[in-house]
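As a plain string of letters, each chain reads:
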Amino acid sequence: MSNQVQIMQPSGRLDVTTAADFRRQVNDIASSANPPKYLLVNLQDINFMDSSGLGALVSALKSIRNSSGDMVICGANDQVQMLFELTSMTKIFKIYTTVDEFQATLAS
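As the structure is a prediction and not an experimental result, all values here were calculated from the model.

Attention now goes to the nonpolar core. Counting 25 residues, the largest nonpolar core has Phe22, Met49, Leu57, Met71 and Phe84 as the members making the most contacts within it. Counting residues per element, the ones that place at least two in this core are α1 (19–30), β3 (38–42), β4 (45–49), α2 (51–66), β5 (70–74) and α3 (78–86). When residues of this core are assigned to their parent elements, the largest contribution, six residues, is made by α2. Ignoring sequence-local partners within four residues, the contact set of Met71 consists of Leu39, Val41, Leu57, Ala60, Leu61, Ile64 and Phe93. Grouped together as the second largest cluster of nonpolar side chains are eight residues, Val72, Cys74, Tyr96 and Phe102 included.

Now the structure itself:
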């Protein structure tokens, strides 16, 4: 993986109890001395996400973009993918099925 890409892979639930910690981790990445060009959030180990988790992802996207980077998502399960679709977040986030699918876009 390119050194321009940093991967975050949260696990379990991304909800009201974990959203603040997720935001803090992203803010630390975004404010580091050398922030990545891309933050890849791999959701393959997330088994539940609610509106607080979705809000944390939106906040993360803003933080990364403020540091001249971009954020992409991959590995969303059916429940998470449905949440993105129902809230029209598929128009906001770049979503890939797998890490490999995202890597292929970097190579082209």
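What follows covers unusual backbone geometry. Although it is not a glycine, Ser68 sits at a positive phi angle of roughly 65°. Tracing the backbone shows Ser68 in the loop between α2 and β5. Positive phi values are uncommon outside glycine, yet Ser88 reaches one of about 60°. On the secondary structure map, Ser88 appears in the loop between α3 and β6 (94–96). A residue is classified by how much of its surface remains accessible, and Ser88, at 34% relative accessible area, is partly exposed.

This paragraph deals with the environment of Ala104. Residue placement: Ala104 occurs in helix α4 (residues 99–107). Classification of Ala104 by relative accessible area gives partly exposed; the value is 46%. Ala104 sits 41 residues away from Ser63 along the chain, and the two C-alpha atoms are 25 Å apart.

With that out of the way, let us pick up the sheet that holds β3. Pairing within the open sheet is parallel, and its four strands lie in the order β1-β3-β5-β6. Looking at the sheet topology across the chains shown, the edges are occupied by β1 (5–8) and β6. With strand direction ignored, the average angle separating the axes of adjacent strands in the sheet is 25°. Taken together, the four bridges between β1 and β3 define a ladder with parallel strand orientation. Among the inter-strand pairings, Val5 is bridged to a residue of β3, identified as Tyr38. Here α1 sits on the sheet and contacts β1 and β3; the angle it forms with β1, its principal contact strand, is near 165°. Running at roughly 145° to β5, α2 makes contact with β3 and β5 of the sheet.

Cut-offs used in this document
- Residues numbered from 1 in each chain as written.
- Predicted model: local features only at pLDDT ≥ 70, side-chain atom pairs only at ≥ 80, totals over all residues.
- Heavy atoms only, no water.
- Core = buried A, V, L, I, M, F, W, Y, C linked by side-chain atoms within 4.5 Å.
- Buried < 20%, exposed > 50% of the residue type's maximum accessible area, 1.4 Å probe, protein only.
- Helix = DSSP H or I, 4+ residues; strand = E, 2+ residues; numbered from the N terminus.
- Contact = heavy atoms within 4.5 Å.
- Pairing = 2+ DSSP bridges.
- Axes fitted to C-alpha atoms, helices over the stretch in contact; angles between N-to-C directions.

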